[in-house]
Structure formats: C-alpha cells, structure tokens
Amino acid sequence: MNIPTAITKISPTLWEIPVSYKEGMLVPARIFATEKLLSEMDAGVFDQVTNVASLPGILKYAYCMPDGHWGYGFPIGGVAAMDPHTGVISPGGIGFDINCGMRLVLTNLTEEEVRPRLHQLVDRLFARIPTGVGCHGFVRLSESEFGQVAEQGSRWCFKRGFATQDDLDMTEEGGCFAGADASHISNKAIQRGYNQLGTLGSGNHYCEIQVARPENVFDAQLARAFGIDIPNQVVVMFHCGSRGFGHQVATDYLKLFLSVMERKYGLKVVDRELSCAPFRSPEGEAYFSAMKCAVNMAFANRQVILHRIREVFSDIFQRDPFNLGMKMVYDVAHNTAKLERHEIDGKQREILIHRKGSTRAFGPGGYGLPECYAKTGQPVIIGGSMETGSYLLAGMAGGADAFFTTAHGSGRTMSRHQAKKTFRGDKLQRDMESRGLYVRTDSFGGLAEEAGAAYKNIDEVAETTERAGLSRRVARLVPIGNIKG
DNA sequence: ATGTTC
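Predicted model, so just to flag it, every value in this text is computed and none were measured.

A. Layout of the sheet that holds strand β3 (residues 29-32). Spatially, β1-β2-β3-β4-β5-β13-β12 is the arrangement adopted by the seven strands of the open sheet, whose pairing is mixed. This sheet does not close on itself; its edge strands, each paired only once, are β1 (8-11) and β12 (335-344). Averaged over all adjacent pairs, the angle separating strand axes in this sheet is 25°, with direction ignored. Note: β1 against strand β2 (residues 14-17), three bridges, orientation antiparallel. When the sheet's bridge partners are listed, K9 is paired in β2 with W15. Packing of helix α11 (residues 282-317) onto the sheet brings it into contact with β12 and β13 (347-356), and relative to β12 it is tilted by some 110°.

So, in structure tokens, the structure goes:
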C-alpha cells in the first residue's frame, strides 16, 4: 500500500496530507478520490503533490484530482494556485503539452444513420486529419504568419475562414489567451510548430465518433441545454494540444529557469523537475507569455481540425455541416496556467492557477461563460480511454474550494511500457471492432499503450468528481469510431 | 506529451 499513514479523511471523496508530513511544506496537500481511487494511485502522486506544496507563494492547498498519477515534477491531475506577487510559475505545473485539451461537437445525426457509413467516415477522418509523431498539417504558413497564430489563436482561424463566431464563443477564453507575444518564442519552437497546425499527434490524442444513448444521460435538462436532445445522438470528441511547438516552449523555459532559479533568485526546490521562476520576474513573465502562444496555437490546432471534421461529414452525408447540426458544445483546456479571480479566505483575489491534467469547471454564473451557459455552469469534457467512453459534465458551485477545477480523464494505472508488453495493438483493434468500435491508427504499438485496461475506470472518476461537488455528470458518451496517432 | 536521447 502506497498511501502515506499521515493522510486523513476529510470526506469520502477528499483526503489531506498535513504540512508536518515533509519538511518544507507550506500548505497541506489535498487529494480528491474515493478510497479505491486513492489506493490505485502510485506513490509518486503523494510524493509529488507534497513537493508542490513546498513551492513559494502556494495558496490554500496543493491539490490532486481523482484521475491523478505520476508526472513530470507535478502529478498529472495537479492544481496549484500561487500568489502572483510572491509566488512562482513552473512549467512542470502546466505540462509539456501546453493546452492539451478537449473539444466536443454536436451533430443532428443518430447512431442508426451513421452506422452504415461508419467505416467510410472513420477512414476519411483518418485520411484528412494527420496523426502520429512528427506529422504535418495542410495549412501552409510562413514562420511570421505562424507568429500570428500563436498570438491570436482561434481568432486567426476566424479571419482565415476556419472558424465561426459561435466556435470562438464556445471555446474557453474565446480561443485566445490575451498577452501572448511571439517575441518570447525560440526559433527552434517556431521551426517545430509552423507546419503542425491541424494535426492530431500521437499518444492518447484521438478523434472519436461517440453516441449519447438515452440510458447514459444523467441529467436530461442539462443535456438539452448542452444540445444533446435526440435519442442516440452522434457527437464528435477530440483530444490534442500544441504538438512539438508547446513541447519546445516548455523545454526552452525549463532549461532557462534551471539556470537562474537558484543563482539569480535563490530558489531551492526539492526536485529539479519543479524548475520555476518568480512569476514577477523577466524570465517568469517571458514564460507566461510564451506559454500563452502555445495555448493559442493549440486552440487554433483544434479549430483547424474541427474545420476538417466538418468537411468530412459534409462529404459523407452530402449536406452542409451546419445542416448536420455541427455546432460546438465547448472546448476546454487541461494543461495551462492562468490568472483568475477567486475568493480566498473571504476576499476576491487574482491568483495564478496551474492546472496540469485538470480542467477548469466554472459553476453557474462563472465569469466569462457564454450567456447560454450562465445558468448551467460550464460544460466540462472528460475523455476516457478509447475503449471505455467519455463524459460530458457541468461545473458546480461546490468547486469553489478547488478554484473551480475538476478531473481531465481516466488517468493511467499502467505505464505505457507495461501496457505495450501486456497488450497487442492488432488484436486490440480486432477485439474493438467485434464490439462495434471501428478504430484506425498510425501505430499498433501506440494503440496497445492506450488499451482501456491500462487506465482507471472513467465511471468512478466522473462519479467521484460529482460526489466531491466539482462537476455534475450530464451524459456518458460511448465511442463507435476512433482515429488515433 | 515529444523530430519518443542535446
């Protein structure tokens, strides 16, 4: 058993490790999980979340969500809010894949209408959306035009005809984090990124055709408000981020911070992977701006992919995509740092929130939400493994204590290496097809790594976030087609 | 996650 003996149970879905657990902790660590999910977490989670609790300027608690697992420096599933004046910013608290995120798109088609053309549809998506490591997109950009993508995000897509105003409205922050300045980006990052717009990537990135079956709708009223109102309605969910561009931004600044952290700022961290800089320092501010460039590139990436998905559906079903009801439910990031206003000890304050493998989940009335979601709370998209389904949820008022944050996915229980040794991709593909799920992939090895059995149970994760008051389940979405890298 | 080891 990996669970520290010092842990105390605050509620059936919340656990706390006190500051006395480890020298240097400034705040307690809190983990949202059932006893079962807690017991499935690797020891690295407890080690890392308590390391995060020692970072300068951290406020309230270092959090970990129920899908938490070991990551680079911070656990994946981590949440850390810093005082912007005294605190640090850490790339490890955001992740290498900056603005990795989820997008959910409606159709007005039913499973019965899509099934006969499923193979054709998935094959065409696989042909039109580049997948795999190092893949390139169809949008031809000069390096300076790419700088505009990085600064403008989805707004650049709107100008180029790849987005509607409604798409922008249904994206977190309108698809553009303000304050992105491409002068903080290295040439190397631009070289890696400028031809990657509209590409899915590899690993757990995918584009899925899913069905909202009536028996899987948890809250019919919220489902209707989110546009799910036909029995067996088909939706499209996809998961990807900022590709090699964001990876290079993270690499560049991790290295820069390591060179100045101790020498220039006297910051000592217990793990080099917690490389950081004061938020209010030239290096910290440059990273925050560069990170926003990667955030915006990822929003634009998902927007161009949506444009292609609409083209494919339009070709296959011989109708305009908007006649097919292809409207976005929402696009939400799960690897970012943001300045947000939250109530801390009874006072409204601006704080710097790191969310790494955790999702913003504003409750009803949350600021900046589109008017249509003012009463429902923000749509939250939690992606499961490709075999087991995903969830649409809604932010809840009870999320305030966790800075309105919830889980992001299933969370691995088995390492990629272990999964590759345990499963065979070609057999998995045949098994999935016999269960009515048609999957296309660039790499059978990559497919084996994503086997459902290598992940936590998504139903338990989603239910735990609801019991903890973080996000209410709206509908469970079952995959029938999948393309992955 | 990632031109999967600068």
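So, next bit.
B. Fine view of the protein's contact with DNA strand B. Taken together, 15 residues are adjacent to DNA strand B, and R192, G203, N204, R243 and R416 come closest. Taking the atoms of DNA strand B that fall within 4 Å of the protein, sugar and phosphate contribute 54% of them. Here a phosphate oxygen of DNA strand B sits 3.1 Å away from a polar atom, N or O, in the side chain of Q196. Contributions of two or more residues to the surface near DNA strand B are made by α8 (187-193) and α10 (243-260). Take the surface near DNA strand B: its biggest share by element is three residues, from α10.

C. Examining the UniProt feature "binding site: Mn(2+) 2" (unreviewed entry) in chain A more closely. The sites that UniProt annotates as "binding site: Mn(2+) 2" (unreviewed entry) are H239 and H334. What stands out for the annotated residues spanning 96 residues is how close their C-alpha atoms remain, the widest pair being 10.2 Å apart. In this structure H239 comes out as buried when scored by relative accessible area, which is 6%. For H239, the contacting residues outside a window of four places in its chain are C100, G101, M102, L200, N204, H205, Y206 and H334. Its relative accessible area of 2% is what places H334 among the buried residues. Not counting residues up to four positions away in its chain, the partners in contact with H334 are C100, G101, M102, H239, R355, K356, G357, S358, T359 and H408. Within polar-contact distance, the side chain of H334 engages the side chain of H239 at 3.3 Å.

D. Spotlight on the pairing of strand β19 (residues 471-484). Where burial is concerned, most of β19 is hidden: 13 out of the 14 residues are buried. Two strands pair when backbone bridges link them, and strand β8 (residues 206-212) and β19 are joined in this way by six bridges, in the antiparallel orientation. By the bridge assignment, E208 is partnered in β19 with N482. In this sheet, β19 lies alongside strand β16 (residues 390-395) in antiparallel orientation, the contact comprising six bridges. Residue pairing across strands places S390 opposite L477, the latter belonging to β19. Bridge count for strand β18 (residues 438-441) against β19 is four bridges, and the pairing is parallel. Pairing of T441 across the sheet is with K484, part of β19.

What counts as what
Residues numbered from 1 in each chain as written. Chains lettered and ligands numbered in written order. Predicted model: local features only at pLDDT ≥ 70, side-chain atom pairs only at ≥ 80, totals over all residues. Heavy atoms only, no water. Pairing = 2+ DSSP bridges. Helix = DSSP H or I, 4+ residues; strand = E, 2+ residues; numbered from the N terminus. Axes fitted to C-alpha atoms, helices over the stretch in contact; angles between N-to-C directions. Contact = heavy atoms within 4.5 Å. Near = heavy atom within 4 Å. Polar contact = N/O pair within 3.5 Å; in protein donor to acceptor, adjacent residues only side chain to side chain. UniProt positions renumbered as here; feature names shortened; annotations may be inferred. Buried < 20%, exposed > 50% of the residue type's maximum accessible area, 1.4 Å probe, protein only.

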